[in-house]
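# Understanding the architecture of this molecule
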Amino acid sequence: MEPETMTKAKYLEQPTERITGCEAIVRCLIAEGVDILYGYPGGAIMPVYDELYKYRNEIHHVLTRHEQGAAHAAQGFARISGRVGVAMATSGPGATNLITGIADAQIDSTPLVCITGQVPSHLLGSDAFQETDIVGISTPVTKWNCQVTKASEIPEVLAKAFYIAKSGRPGPVLIDITKDAQFGELDFKYEKCTGVRSYIPVPKTNLESVKAAAELINAAKKPMIVWGQGIILGKAEEQLKAIVEKAGIPAAWTIMGASALPTSHPLNIGMVGMHGNYAPNKLTNECDVLIAIGMRFDDRVTGSLDTYAKQAKVIHFDIDPAEINKNVHADVAVLGDSKDSLTQLLPLLNENSHESWHQEFKDLYAIEYDTVIKNDLHPSKEGLTMGEVLKEINIQSKGNAAIVSDVGQHQMIACRYSEFNKSKSNITSGGLGTMGFALPAAIGAKMAAPEREVVAIIGDGGYQMNIQELGTIFQQKAAVKIVVLNNEFLGMVRQWQQLFFDKRYASTEMTNPNFVAIAEGYYIKARKVTKREELAEAVKEMIASKESYFLEVCVEKEDNVFPMIPSGASVSDIRLS
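Here's what I pulled together on the structure shown here. These numbers come from a predicted model, not from an experiment. (Residues numbered from 1 in each chain as written. Predicted model: local features only at pLDDT ≥ 70, side-chain atom pairs only at ≥ 80, totals over all residues. Heavy atoms only, no water.)

## Thoughts on the overall build of the protein chain
To be explicit about the condition: Helix and strand labels come from DSSP, where a helix needs a run of H or I of at least four residues and a strand needs a run of E of at least two; each type is numbered from the N terminus. Based on C-alpha atoms, the radius of gyration is set beside the globule rule, defined as 2.2 Å times the residue count to the power 0.38. Exposure categories follow from relative accessible area, calculated using a 1.4 Å probe and restricted to protein chains: below 20% of the type maximum is buried, above 50% is exposed, and the middle band is partly exposed. Note on contacts: a residue pair qualifies if any of its non-hydrogen atoms lie within 4.5 Å across the two residues. Residue exposure ignores everything except the shown protein chains as possible cover, and the areas themselves are Shrake-Rupley values with a 1.4 Å probe. Residues scored as charged are limited to Lys and Arg (positive) and Asp and Glu (negative), so that His and the chain ends carry no count. Where a charge lies is defined by one atom per residue type: Lys uses NZ, Arg uses CZ, Asp uses CG and Glu uses CD.
Helices and strands together make up the secondary structure of the protein chain, namely 24 helices and 20 strands. Relative to its length of 577 residues, the protein chain is compact, with a C-alpha radius of gyration of 24 Å against a globular reference of 25 Å. Dimensions along the principal axes, computed over C-alpha positions, put the protein chain at roughly 70 × 60 × 45 Å. Among the 577 residues that make up the protein chain, the fraction classed as buried is 59%. A sequence separation of at least 24 residues applies to 77% of the contacts in the protein chain between residues at least 6 apart. Carbon and sulfur atoms provide 51% of the accessible area of the protein chain, an area that totals close to 22700 Å². If the 56 positive side-chain charges of the protein chain are averaged to one point and the 69 negative ones to another, these points end up 3 Å apart.

Set out below in structure tokens:
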């Protein structure tokens, strides 16, 4: 038996024992296989931290420098590992500082369990020191939440929390535990949760719906797949690949689905969305069957819904019934786990190649390459571009790095130009678009997968939102590679100001500090690149480093990211310049 399994079993098989609530919390975490958690101590959660000290050989607590950093680190941990990320904070401001990360996890379907301390139950509602109604505050942005006021409730509630967080469509759960419940005693015995009344995490796939989907696909002349993160969450990468290859269907991805199919796959036609590739966006409105798998038809993907794929029959595969017909009408809806649904679909599909249809994508790609891609990756201008930095990272990492991107122009460039050879390699803030996400998320990703190269791609604006997490990197000796693409602007906002607000750059120009000196202040090796001839050697040095490394690259100040679909426009209106 593996050591981790033995540790879990020790607490799952023990007979009833009289212990405190705070010890029960720690034992529950161990029983659920938690070996790393991220957090920040304070008065209302201090009893649990005292127990964590006693169990420090079984659970490694990571002291982040801000509770938001703890939530994002737990997200990075979850996204690269597929396990539940755990974050912990005290009451009041500690709890509210988790909210942005929780909201981010909710919209991006990331499994988290967040535990917050709370004032003693007799003080609830009295405006006690560091009291906030975190259950009320977090209700709109959690999959489930609960307040515990009695020690005896702890094992059942935590078991339920982990089950809900990771089952079905994953999401964040928050458990708020009063201080008296932590100090109270209970007869402890832990049983894992295997079901919750009225909660059906995975709808049973209807074979007739699968057959109807197969009939539409087999009859299609111009089929197109758009897949999202549901492929990765459902571990359906091999099934997607088999379907694409058997039926010869061009397949595009949302930013949350990136890396499920290798970038180099000939049927991978690129990214859809506001700054996605020209061909898949343009031809969305020319395909005759649109097969959406594990994606939610976000507005950044669809543009104007009034003109989105109106000519196509739409097939929607999803685990969440709430997503069906929410934004785009589905002619055929297939509910269920993506791996199961696609496994049932595969034998029903005819072999096909759709060569003339593929040629349309190749022709439009050639236009995009000549107009945009060539200038991004092989610029003739003197200043460095973000695209050539990503190209060099691809070369030095051989496409095996996990790329953790923040939010802005650099995020779109990272998603467009990163090469992904394996799944779970693109970690970014999708639905919420949270600046400050990447640095702490990269810490969590590296700690969950220490064998992988983890590179954080961050803009100079987002970097300064959680720059204090350099302290966490230093203390944990996490070998995260940090690349700040510095254009001395809030670049994405500036781009919109240039294109739609007559170049009125209101509050977007940045006067930045000495980033290299700050990194070195945290004892992190650092380097700054301002010239093209310095780039390759600097990236090579960074990737070769066995320790954390900070690389600042000064890029063109007013470069824009194209293609671009203007907000509210049709995907057919995608602009190349």
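Still more ground to cover, so stick around.
## Examining the packing of helix H17 (residues 386-397) against helix H18 (residues 409-417)
Any two packed helices are characterised by how steeply their axes cross, that is the angle between the axes, and by the distance between the axes. Keep this limit in mind: To define axes, lines are fitted to C-alpha atoms, for helices over the stretch in contact only, and angles between the resulting N-to-C directions are given on a 0 to 180 degree scale. To sort the angles, those under 35 degrees are grouped as roughly parallel, those over 145 as roughly antiparallel, those from 65 to 115 as roughly perpendicular, and the leftovers as oblique. The handedness criterion is simple: a crossing whose near helix is rotated anticlockwise from the far helix by less than a right angle is left-handed, and one whose near helix is rotated clockwise is right-handed. Gly counts as polar in this scheme, as do all residues outside two lists: the nonpolar Ala, Val, Leu, Ile, Met, Phe, Trp, Tyr, Cys and Pro, and the charged Asp, Glu, Lys and Arg.
The N-to-C vectors of H17 and H18 enclose an angle of 45°; their axes lie 9 Å apart at closest approach. Taken together, H17 and H18 sit at an angle that is classed as oblique. Our pair here, H17 against H18, has a crossing hand that is right-handed. Counting all contacts with H17, which are made through Met-386, Gly-387, Leu-390 and Asn-394, the residues of H18 involved are Gln-409, His-410, Ile-413, Ala-414 and Tyr-417. Here the residues of the contact of H17 with H18 sort into 5 nonpolar, 4 polar and no charged.

## A few points about the nonpolar core
Applicable threshold: Only buried residues count toward a nonpolar core, which is a set of Ala, Val, Leu, Ile, Met, Phe, Trp, Tyr and Cys residues joined through side-chain atoms within 4.5 Å.
Ile-225, Trp-227, Leu-290, Leu-345 and Val-553 are the most contacted members of the largest nonpolar core, which has 95 residues in total. Per-element accounting of this core gives the leading share, 6 residues, to helix H16 (residues 355-377). Setting aside residues no more than four positions away along its own chain, Leu-345 makes contact with Val-210, Ala-213, Ala-214, Ile-217, Ile-243 and Phe-317. One finds Ala-87, Val-141, Ile-482 and Val-484 within the second-largest nonpolar core, a separate group that totals 51 residues.

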